[in-house]
2 protein chains.
Amino acid sequence: MLTVSLVEDDEDIRQSLAILINGANGFQCLAQYGDCPSVIADIQKNTPNVLLMDIGLPGMSGIEGIKIIKSMLPKLDIIVLTSHENDNYVFESLCAGACGYLIKDTSPARLLECIKEIYEGGSPMSTQIARMVVTSFQKKTENPLSPREMDVLNHLCTGRSYKIIAKTLFISEETVRRHIKSIYRKLQVHSNTEAVAKAFRDKLI
Amino acid sequence: MLTVSLVEDDEDIRQSLAILINGANGFQCLAQYGDCPSVIADIQKNTPNVLLMDIGLPGMSGIEGIKIIKSMLPKLDIIVLTSHENDNYVFESLCAGACGYLIKDTSPARLLECIKEIYEGGSPMSTQIARMVVTSFQKKTENPLSPREMDVLNHLCTGRSYKIIAKTLFISEETVRRHIKSIYRKLQVHSNTEAVAKAFRDKLI
DNA sequence: TGTAAAATGACCCTTTTGTGGCATTGTGGC
DNA sequence: GCCACAATGCCACAAAAGGGTCATTTTACA
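What counts and what doesn't
Residues numbered from 1 in each chain as written. Chains lettered and ligands numbered in written order. Predicted model: local features only at pLDDT ≥ 70, side-chain atom pairs only at ≥ 80, totals over all residues. Heavy atoms only, no water. Core = buried A, V, L, I, M, F, W, Y, C linked by side-chain atoms within 4.5 Å. Buried < 20%, exposed > 50% of the residue type's maximum accessible area, 1.4 Å probe, protein only. Helix = DSSP H or I, 4+ residues; strand = E, 2+ residues; numbered from the N terminus. Contact = heavy atoms within 4.5 Å. Phe/Tyr/Trp six-rings, centres within 6.5 Å; stacked < 30°, edge-to-face > 60°. Least-squares fit on C-alpha atoms with pLDDT ≥ 70 in both. Salt bridge = Lys/Arg side-chain N within 4 Å of Asp/Glu carboxyl O.

Draft legend 1. Spatial organisation of the nonpolar core. Of all hydrophobic cores here, the largest spans 60 residues; its most connected members are A:Leu51, A:Met53, B:Leu51 and B:Met53. For this core, the leading source of residues is helix H6 (residues 127-137) of chain B, giving 6 residues. Among all residues touching A:Leu51, those that are not within four sequence positions of it are A:Ser5, A:Leu6, A:Val7, A:Val39, A:Ile43, A:Ile69, A:Leu76, A:Asp77, A:Ile78 and A:Ile79. Residues B:Cys157, B:Leu169, B:Val196 and B:Ala199 belong to the second largest nonpolar core, which totals 43 residues.

Draft legend 2. Geometry of the packing of aromatic side chains. In this structure the tally under the stated criterion is 4 aromatic pairs over all chains. For the pair A:Phe91 and B:Phe137, a centre-to-centre distance of 6.0 Å together with 15° between the ring planes defines the contact as stacked. Note that A:Phe91 is positioned in helix H4 (residues 87-96) and B:Phe137 in helix H6, a pairing that runs across two chains. Judged by relative accessible area, B:Phe137 falls into the buried class, the value being 15%. Through successive ring pairs, a cluster of aromatic residues spans A:Phe91, A:Phe137, B:Phe91 and B:Phe137.

Draft legend 3. Up close: the relation of the copies chain B and chain A. Mapping chain B onto chain A calls for a rotation angle of 180° and an axial translation of 0.1 Å; the resulting RMSD is 0.2 Å. Expressed as an axis order, the relation between the two copies is that of a two-fold axis. Distance from the rotation axis, computed per C-alpha, reaches its smallest value in chain B at B:Thr193: 2.3 Å. Of the interface residues in chain B, 100% have counterparts in chain A that sit at the interface too, so the contact is made through matching surfaces.

Draft legend 4. Focus on the pattern of salt bridges. For the structure on display, the rule yields 26 salt bridges over all chains. Its salt-bridge partner being A:Lys186, residue A:Glu149 comes within 2.9 Å of it at the nearest N-O pair. Here A:Lys186 lies in helix H9 (residues 173-187) and A:Glu149 lies in helix H7 (residues 147-157), a separation of 37 residues in the sequence. Overall, the relative accessible area of 6% leaves A:Glu149 in the buried class. Of the charged contacts in the structure, one is a salt bridge between B:Lys104 and B:Glu8, with a shortest N-O distance of 3.1 Å. Taken as a pair, B:Lys104 in the loop between strand S5 (100-103) and helix H5 (108-119) and B:Glu8 in the loop between strand S1 (2-7) and helix H1 (11-23) lie far apart in primary sequence, 96 residues in all. What emerges from the salt-bridge pattern is a single network uniting A:Glu8, A:Asp54 and A:Lys104.

Below is the structure:
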């Protein structure tokens, strides 16, 4: 028996979901919650196989809730079920620890299938959402830095000093310094840490 | 008419795929290649809507090939079609620029569906592969750094000097220095750039 | 209640960085 | 051939960071 708990502030939707789950063969709705604090208080006593949660909740945001729940039960599979296919919500939910992301117009049959999928180690999401995720994975094709500057930047990321970088690349320390100045100008930063952080955020490395 | 080109070293498989695609309504196989150099040489003259490629190719690896092709045609949709569901291949392919990842036992009907999906802005992949991608997205739940150390690290990532961090956090510069020493010890690094790089790689921030 | 970890602060000294300006050589595109 | 840009190099000085060693207070947990 696959147990599912629900977090959803809309009474009607919550009831419908519970009926759907309890009516399906092999599924059982373990608990229902209307907000984050209640699920956080109860989830360790009543742990379901899968948690289905809305993120547009009153009070504490669902994203925050996911983070807290995940810190308590790292292995719990959480599916976000929301009405908006907004980019930020998708990324924030997945970063926070959700493993699946569905929009509310998902058909009942597909919803049950997704619950089964996540339980079996999958990550159900629409193919459009998968594209968002994959795209954010990929390195930038337009890179303002020259190949040599990338060399220097890569060495910088491993914590090497200018002196060591110079030796490694067979150039003088002054040239390393020159490349770094150029990197700072192009990335619009003013220190090595900021350059490294920007390089990671912009997916240059 | 949706045009598809193939990169696959196995003559038989390539022929079967071409027959499948040409036989389907609304699909056309534009070109076939047996290795990366040939597709790289020809793809700009004969650009398909979707490129279906194996990555276990003789000579230049498919991953390298994808990088080069993507740098020439950033908007081309590439589906990796491979026999192994190996973690590294998945990540490397997606990082290199592939938008879909299918294993070779995908049914002909599903394959056509996937080609259509990627063309329509989706990212076809199995739900297990989606899980790998999503997992690699998520922040670490075990974080060796204390909350205060995380504060300092976050400021470090924005390129702030110890002096500024001290002012912002209402502590002395010496305490900032102390936290940083502690961060270095825990992350086993010896410079600010290395700490920032490790924090990003370990998904602490 | 004791102990460990977190958070705070200080001093000293060496090394590294950031920034300013200046200059040469090669390479690819128009 | 000219121009932009990448890549190379040098000097000097102020600011920042790294690595020691020292210490106190609070908090959390067994």
